[in-house]
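Below are the chains, spelled out letter by letter.
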Amino acid sequence: SQKIEQNSEALNIQEGKTATLTCNYTNYSPAYLQWYRQDPGRGPVFLLLIRENEKEKRKERLKVTFDTTLKQSLFHITASQPADSATYLCALGTGGSYIPTFGRGTSLIVHP
Amino acid sequence: DTAVSQTPKYLVTQMGNDKSIKCEQNLGHDTMYWYKQDSKKFLKIMFSYNNKELIINETVPNRFSPKSPDKAHLNLHINSLELGDSAVYFCASSPQAGGYNEQFFGPGTRLTVL
(Lines give C-alpha, C1' and ligand atoms only; values in the text may rest on other atoms or scores of the structure.)
Protein backbone atom coordinates (compact mmCIF):
# COMPACT_ATOMS: atom_id res chain seq x y z
CA SER A 1 0.00 0.00 0.00
CA GLN A 2 1.07 3.59 -0.54
CA LYS A 3 2.87 5.13 2.38
CA ILE A 4 4.37 8.51 3.20
CA GLU A 5 6.78 8.59 6.12
CA GLN A 6 7.96 11.58 8.05
CA ASN A 7 9.90 11.25 11.26
CA SER A 8 7.43 11.25 14.12
CA GLU A 9 10.08 12.34 16.58
CA ALA A 10 10.71 16.05 16.94
CA LEU A 11 13.89 17.47 15.48
CA ASN A 12 15.74 19.67 17.96
CA ILE A 13 18.48 21.95 16.68
CA GLN A 14 20.39 25.04 17.75
CA GLU A 15 19.69 28.43 16.24
CA GLY A 16 21.89 29.14 13.25
CA LYS A 17 22.25 25.52 12.21
CA THR A 18 20.68 23.92 9.15
CA ALA A 19 17.58 21.87 9.82
CA THR A 20 16.98 18.89 7.53
CA LEU A 21 13.63 17.13 7.46
CA THR A 22 12.93 13.93 5.54
CA CYS A 23 9.93 12.69 3.61
CA ASN A 24 10.13 9.10 2.39
CA TYR A 25 7.53 7.33 0.33
CA THR A 26 6.80 3.80 -0.86
CA ASN A 27 4.55 2.41 -3.59
CA TYR A 28 4.17 5.88 -5.05
CA SER A 29 5.16 7.44 -8.32
CA PRO A 30 4.60 11.06 -7.42
CA ALA A 31 4.55 13.71 -10.08
CA TYR A 32 5.13 16.43 -7.50
CA LEU A 33 5.72 17.02 -3.86
CA GLN A 34 4.66 19.96 -1.70
CA TRP A 35 5.89 21.15 1.67
CA TYR A 36 3.67 22.98 4.16
CA ARG A 37 4.29 24.55 7.54
CA GLN A 38 1.75 24.20 10.36
CA ASP A 39 1.87 26.17 13.60
CA PRO A 40 -0.10 24.98 16.67
CA GLY A 41 -3.77 25.87 16.40
CA ARG A 42 -3.46 27.03 12.80
CA GLY A 43 -3.96 25.67 9.31
CA PRO A 44 -1.06 24.55 7.13
CA VAL A 45 0.69 27.17 5.02
CA PHE A 46 2.17 26.28 1.63
CA LEU A 47 5.93 26.68 1.29
CA LEU A 48 7.27 25.00 -1.84
CA LEU A 49 6.32 22.66 -4.67
CA ILE A 50 8.85 20.52 -6.52
CA ARG A 51 8.09 18.46 -9.62
CA GLU A 52 9.46 15.00 -10.43
CA ASN A 53 11.77 16.37 -13.11
CA GLU A 54 13.28 18.93 -10.72
CA LYS A 55 16.15 17.91 -8.46
CA GLU A 56 16.14 20.97 -6.26
CA LYS A 57 14.07 24.06 -5.47
CA ARG A 58 15.01 27.06 -3.37
CA LYS A 59 13.14 29.88 -1.72
CA GLU A 60 15.03 32.26 0.54
CA ARG A 61 16.42 30.07 3.38
CA LEU A 62 14.47 27.02 2.24
CA LYS A 63 15.72 24.27 -0.05
CA VAL A 64 13.89 21.14 -1.17
CA THR A 65 15.36 18.18 -2.99
CA PHE A 66 13.47 15.38 -4.70
CA ASP A 67 15.15 12.04 -5.42
CA THR A 68 12.79 9.68 -7.23
CA THR A 69 15.40 6.91 -7.13
CA LEU A 70 15.73 7.03 -3.35
CA LYS A 71 12.00 7.84 -3.08
CA GLN A 72 12.82 10.70 -0.80
CA SER A 73 12.52 14.45 -0.42
CA LEU A 74 14.70 16.49 1.89
CA PHE A 75 13.61 19.87 3.24
CA HIS A 76 16.36 22.17 4.49
CA ILE A 77 16.14 25.40 6.45
CA THR A 78 19.48 27.18 6.60
CA ALA A 79 20.44 29.60 9.38
CA SER A 80 17.47 28.36 11.39
CA GLN A 81 15.71 30.65 13.84
CA PRO A 82 13.40 29.96 16.81
CA ALA A 83 10.59 31.38 14.65
CA ASP A 84 11.07 28.41 12.31
CA SER A 85 9.78 26.10 15.06
CA ALA A 86 6.66 24.41 13.69
CA THR A 87 5.43 21.16 12.19
CA TYR A 88 6.39 20.61 8.55
CA LEU A 89 4.19 18.46 6.34
CA CYS A 90 5.07 16.91 3.02
CA ALA A 91 2.35 16.09 0.52
CA LEU A 92 2.69 13.88 -2.56
CA GLY A 93 0.55 13.74 -5.63
CA THR A 94 0.39 11.91 -8.92
CA GLY A 95 -0.24 13.71 -12.17
CA GLY A 96 -3.85 12.61 -12.35
CA SER A 97 -4.82 13.31 -8.77
CA TYR A 98 -6.88 16.32 -7.80
CA ILE A 99 -5.06 16.74 -4.54
CA PRO A 100 -1.90 15.50 -2.83
CA THR A 101 -1.81 13.07 0.08
CA PHE A 102 -0.29 14.46 3.27
CA GLY A 103 2.26 12.90 5.58
CA ARG A 104 1.75 13.31 9.32
CA GLY A 105 4.49 15.91 9.61
CA THR A 106 7.65 16.37 11.63
CA SER A 107 7.96 18.85 14.46
CA LEU A 108 10.99 21.15 14.33
CA ILE A 109 12.16 22.92 17.48
CA VAL A 110 14.89 25.53 17.11
CA HIS A 111 16.56 26.44 20.38
CA PRO A 112 17.99 29.94 20.93
CA ASP B 1 -8.31 40.52 4.79
CA THR B 2 -8.81 36.93 5.91
CA ALA B 3 -8.34 34.68 2.91
CA VAL B 4 -10.09 31.53 4.13
CA SER B 5 -12.30 31.86 7.19
CA GLN B 6 -14.20 29.24 9.17
CA THR B 7 -16.86 29.49 11.84
CA PRO B 8 -16.99 28.50 14.57
CA LYS B 9 -13.40 28.09 15.74
CA TYR B 10 -14.46 25.79 18.56
CA LEU B 11 -17.50 23.53 18.73
CA VAL B 12 -18.36 21.43 21.77
CA THR B 13 -21.48 19.30 21.53
CA GLN B 14 -23.15 16.14 22.73
CA MET B 15 -23.29 12.83 20.90
CA GLY B 16 -26.26 12.56 18.60
CA ASN B 17 -26.52 16.26 17.86
CA ASP B 18 -26.39 17.83 14.41
CA LYS B 19 -23.95 20.67 13.73
CA SER B 20 -22.64 22.76 10.85
CA ILE B 21 -19.31 24.40 10.10
CA LYS B 22 -19.14 27.27 7.64
CA CYS B 23 -16.28 28.22 5.34
CA GLU B 24 -15.76 31.23 3.12
CA GLN B 25 -12.87 32.26 0.86
CA ASN B 26 -12.35 35.70 -0.62
CA LEU B 27 -9.53 34.71 -2.97
CA GLY B 28 -11.69 34.13 -6.02
CA HIS B 29 -10.63 30.48 -6.14
CA ASP B 30 -12.56 27.85 -8.06
CA THR B 31 -11.89 24.91 -5.77
CA MET B 32 -12.59 24.30 -2.10
CA TYR B 33 -11.88 21.41 0.25
CA TRP B 34 -12.73 19.94 3.64
CA TYR B 35 -10.03 18.08 5.57
CA LYS B 36 -10.11 16.26 8.89
CA GLN B 37 -7.02 16.27 11.13
CA ASP B 38 -7.20 13.68 13.87
CA SER B 39 -5.29 13.45 17.13
CA LYS B 40 -2.38 11.78 15.32
CA LYS B 41 -2.12 14.85 13.10
CA PHE B 42 -2.97 13.08 9.84
CA LEU B 43 -4.62 15.50 7.45
CA LYS B 44 -7.20 13.57 5.44
CA ILE B 45 -9.25 14.89 2.56
CA MET B 46 -13.00 14.50 2.93
CA PHE B 47 -14.56 16.47 0.09
CA SER B 48 -13.68 18.84 -2.69
CA TYR B 49 -15.83 21.12 -4.81
CA ASN B 50 -14.86 22.79 -8.04
CA ASN B 51 -17.14 25.60 -9.18
CA LYS B 52 -19.86 24.31 -6.85
CA GLU B 53 -19.61 20.77 -8.24
CA LEU B 54 -18.50 17.87 -6.04
CA ILE B 55 -15.29 16.35 -7.44
CA ILE B 56 -13.90 14.43 -4.49
CA ASN B 57 -15.93 12.41 -2.04
CA GLU B 58 -13.65 10.20 0.00
CA THR B 59 -14.80 7.35 2.19
CA VAL B 60 -16.68 9.46 4.68
CA PRO B 61 -19.84 8.43 6.56
CA ASN B 62 -22.93 9.83 4.89
CA ARG B 63 -23.67 11.65 8.15
CA PHE B 64 -21.31 14.24 6.69
CA SER B 65 -22.85 16.37 3.97
CA PRO B 66 -21.05 19.23 2.27
CA LYS B 67 -22.88 22.04 0.56
CA SER B 68 -21.53 24.73 -1.74
CA PRO B 69 -24.09 27.49 -2.32
CA ASP B 70 -21.58 29.40 -4.44
CA LYS B 71 -17.90 29.29 -5.39
CA ALA B 72 -16.85 31.24 -2.31
CA HIS B 73 -18.59 29.08 0.29
CA LEU B 74 -18.35 25.45 1.32
CA ASN B 75 -20.23 24.36 4.42
CA LEU B 76 -20.10 21.05 6.24
CA HIS B 77 -23.10 19.61 8.02
CA ILE B 78 -22.72 16.65 10.35
CA ASN B 79 -25.69 14.61 11.55
CA SER B 80 -25.86 12.35 14.60
CA LEU B 81 -22.42 13.27 15.90
CA GLU B 82 -20.27 10.48 17.32
CA LEU B 83 -17.28 10.52 19.68
CA GLY B 84 -14.98 9.58 16.79
CA ASP B 85 -15.92 12.76 14.95
CA SER B 86 -13.88 14.77 17.44
CA ALA B 87 -11.05 16.34 15.44
CA VAL B 88 -9.95 19.57 13.84
CA TYR B 89 -11.69 20.28 10.54
CA PHE B 90 -9.91 22.47 8.01
CA CYS B 91 -11.38 24.19 5.02
CA ALA B 92 -9.03 25.05 2.16
CA SER B 93 -9.18 26.55 -1.31
CA SER B 94 -6.99 26.58 -4.41
CA PRO B 95 -7.12 28.59 -7.64
CA GLN B 96 -8.18 25.52 -9.64
CA ALA B 97 -8.62 21.81 -9.19
CA GLY B 98 -5.46 19.80 -9.62
CA GLY B 99 -2.75 18.91 -7.16
CA TYR B 100 -0.10 21.25 -8.54
CA ASN B 101 -2.10 24.13 -7.11
CA GLU B 102 -1.13 25.60 -3.78
CA GLN B 103 -3.83 25.18 -1.16
CA PHE B 104 -4.80 27.95 1.23
CA PHE B 105 -6.08 26.66 4.55
CA GLY B 106 -8.47 28.20 7.02
CA PRO B 107 -7.70 28.39 10.76
CA GLY B 108 -9.57 25.18 11.55
CA THR B 109 -12.60 24.26 13.65
CA ARG B 110 -11.91 22.11 16.70
CA LEU B 111 -14.90 19.84 17.19
CA THR B 112 -15.29 18.05 20.51
CA VAL B 113 -18.07 15.51 20.87
CA LEU B 114 -18.92 14.58 24.47
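Per chain, the residues get numbers from 1 upward, laid out in the order the sequence is written. Each chain takes a letter, starting from A, and each ligand takes a number, starting from 1, following the order in which they are written. Residues qualify for local features only when their pLDDT is at least 70, as the model is predicted, and side-chain atom pairs are given and counted only at 80 or more; totals for whole chains, interfaces and linings, by contrast, use all residues. Side-chain metrics in this entry use all non-hydrogen atoms of the structure; hydrogen atoms and water are not considered.

1. With respect to the overall build of chain A
Secondary structure elements follow DSSP: runs of H or I of four or more residues count as helices, runs of E of two or more count as strands, with numbering from the N terminus. Looking only at helices and strands, one finds zero helices and eleven strands in chain A. Values of the radius of gyration come from C-alpha atoms, whereas the globule rule sets the reference at 2.2 Å times the count of residues to the power 0.38. Against the 2.2 N^0.38 benchmark of 13 Å for 112 residues, chain A shows a C-alpha radius of gyration of 13 Å, consistent with a compact globule. C-alpha extents for chain A along the principal axes are approximately 40 × 30 × 20 Å. Of all 112 residues assigned to chain A, the portion counted as buried reaches 44%. Any pair of residues with heavy atoms lying within 4.5 Å of one another is described as a contacting pair. Long-range contacts, defined here as pairs at least 24 residues apart, represent 55% of the contacts in chain A between residues at least 6 apart. Think of it in three bands: with a 1.4 Å probe and only protein chains considered, a residue is buried below 20% of the maximum accessible area for its type, exposed above 50%, and partly exposed in between.

2. Focus on the interface of chain B and chain A
If you look at the interface, chain B gives 22 residues, while chain A gives 21 residues. Buried area between chain B and chain A, both sides added, is near 1,800 Å², and the carbon and sulfur share of it is 61%. Accessible area, probed at 1.4 Å, shrinks when two parts are joined; the buried area is that loss added up over both. Looking at the side of chain B facing chain A, the largest losses of area belong to B:Leu43, B:Gly99 and B:Tyr100, adding up to 33% of the total buried there. What counts as a salt bridge is simple: a side-chain nitrogen of Lys or Arg found within 4 Å of a carboxyl oxygen of Asp or Glu. Across the chain B-chain A interface, the total number found is zero salt bridges.

3. Some remarks on the state of the cysteines
All names here are of chain B. Sulfur atoms of two cysteines make up a disulfide when they are within 2.5 Å. Inspection of every chain in the model, using the stated rule, returns two disulfides over all chains. Across a sulfur-sulfur distance of 1.8 Å, Cys23 and Cys91 are joined as a disulfide pair. The sign of the -75° torsion about the S-S bond sets the Cys23-Cys91 disulfide as left-handed. Here Cys23, found in strand 3 (residues 19–25), pairs with Cys91, found in strand 9 (residues 87–94); they are 68 residues apart in sequence, far enough to count as distant. The burial state of Cys23 is the same as that of Cys91; both residues are buried.

4. Regarding the layout of surface pockets
Every definition here rests on a 1 Å grid over the protein atoms only: cavities are sets of points where a 1.4 Å probe fits but cannot get out, pockets are open sets enclosed by protein on both sides within 12 Å along at least five of seven lines, and lining residues have some atom within 4 Å of a point. Grid points are joined across faces, edges and corners, and a volume is the space filled by probe spheres set on the points. Its volume calculated, the largest pocket comes out at about 750 Å³. Elements that contribute at least two residues to the lining of the largest pocket include exactly strand 1 (3–6), strand 9 (86–93) and strand 10 (101–102) of chain A together with strand 4 (31–37) and strand 5 (43–50) of chain B. Classes in brief: Ala, Val, Leu, Ile, Met, Phe, Trp, Tyr, Cys and Pro nonpolar; Asp, Glu, Lys and Arg charged; the others, Gly included, polar. Tallied by class, residues from the lining of the largest pocket come to 16 nonpolar, eight polar and eight charged. As a volume, the second largest pocket reaches approximately 520 Å³. A:Gln38, A:Gly41, B:Gln37, B:Lys41 and B:Arg110 are the residues nearest the centre of the second largest pocket, which is lined by 29 residues in total. For the lining of the second largest pocket, the secondary structure elements donating two or more residues are strand 9 and strand 11 (106–111) of chain A together with strand 9 and strand 11 (109–113) of chain B.

5. As for the environment of A:Asn27
Residue and element names in this part refer to chain A. Its location among the elements puts Asn27 in the loop between strand 3 (19–26) and strand 4 (32–38). A relative accessible area of 52% places Asn27 in the exposed class. For the pair Asn27 and Lys71, spaced 44 residues apart in sequence, the C-alpha to C-alpha distance is 9.2 Å. Sequence-distant contacts of Asn27, defined by excluding residues within four places in its chain, comprise Ser1 and Gln2.

6. Points about the pairing of strand 3 of chain B
Residue and element names in this part refer to chain B. The criterion for strand pairing is that DSSP finds at least two bridges linking the strands in question. Inspection of the sheet shows strand 1 (residues 4–7) paired to strand 3 by four bridges, in the antiparallel sense. Bridge pairing links Ser5 to Glu24 in strand 3. Direction of pairing for strand 3 relative to strand 8 (residues 73–78): antiparallel, over a ladder of four bridges. If you follow Glu24 over to strand 8, its bridge partner there is His73.

The analysis is restricted to geometry; functional conclusions fall outside its scope.
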